[in-house]
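Structural description and commentary
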Amino acid sequence: MTEVEPLPKAEGQLSDEELISKQDEIAAALMELDHIESAAVSLYYRPENAEELCFQATLSVEDLKDHVDEVTDTIVSMLGSCDLEHSRILDTMGNIMDPA
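Everything numeric in this text was worked out from a predicted model, so none of it was measured.

Moving on: the sheet that holds strand β4 (residues 96-97). Sheet strands associate in pairs through backbone hydrogen bonding, adopting either a parallel or an antiparallel arrangement. The strand order across the open sheet formed by four strands is β1-β2-β3-β4, and the pairing between neighbours is mixed. Looking along the sheet, the strands with just one partner apiece sit at the ends: β1 (36-46) and β4. Bridge analysis of β1 against strand β2 (residues 49-61) gives ten bridges, and the strand direction is antiparallel. Across the sheet, A40 pairs through a bridge with T58, a residue of β2. Running at roughly 150° to β1, helix α1 (residues 16-31) makes contact with β1 and β2 of the sheet. Strand contacts of helix α2 (residues 68-79): β1, β2, β3 (88-91) and β4, with the helix running at about 140° to β2, the strand carrying the most contacts.

Turning our attention to the pairing of β2. Linking two consecutive strands that pair antiparallel, namely β1 and β2, is a turn of two residues. When β2 meets β3, the two strands line up parallel, connected through four bridges. Bridged to T58 within β3 is L90. Once the chain exits β2 it traverses α2 before rejoining the sheet at β3, and the crossover so formed is right-handed.

Orientation of α1 relative to α2, taken along the N-to-C sense of each, is 145°, at an axis distance of 10 Å. For the element pair α1 and α2, the recorded crossing hand is right-handed. Between α1 and α2, the residues in contact are K22, E25, I26, A29 and L30 and V71, T74, I75, M78 and L79, respectively. Of the residues that constitute the contact of α1 with α2, the class distribution is seven nonpolar, one polar and two charged.

How each quantity is defined
Residues numbered from 1 in each chain as written. Predicted model: local features only at pLDDT ≥ 70, side-chain atom pairs only at ≥ 80, totals over all residues. Heavy atoms only, no water. Pairing = 2+ DSSP bridges. Helix = DSSP H or I, 4+ residues; strand = E, 2+ residues; numbered from the N terminus. Contact = heavy atoms within 4.5 Å. Axes fitted to C-alpha atoms, helices over the stretch in contact; angles between N-to-C directions. Right-handed = clockwise from strand over helix to strand, strands pointing away. Left-handed = near helix turned anticlockwise from the far one by under 90°. Nonpolar A, V, L, I, M, F, W, Y, C, P; charged D, E, K, R; others polar.

In structure tokens form, the structure reads like this:
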């Protein structure tokens, strides 16, 4: 079995504990939106750009496409900035949307 060594943290990156806490905060904020029944958020850094966070948000929501802007705005407001090009918003039905 091949062992994978974790990449060293770049200056300014959140610790694993901070990432988990921020994920929980964002998921809770998304759940406050009327049309979202449940939310799970993953934050990560890409090796090619270790300075900017990406996200994947999985939501239980009807008509995901109608809420992408609001979801994106909520997440970006809580992160300050992020790599939208490599982030995704999904619903529990398997629909995938790029953040606005």
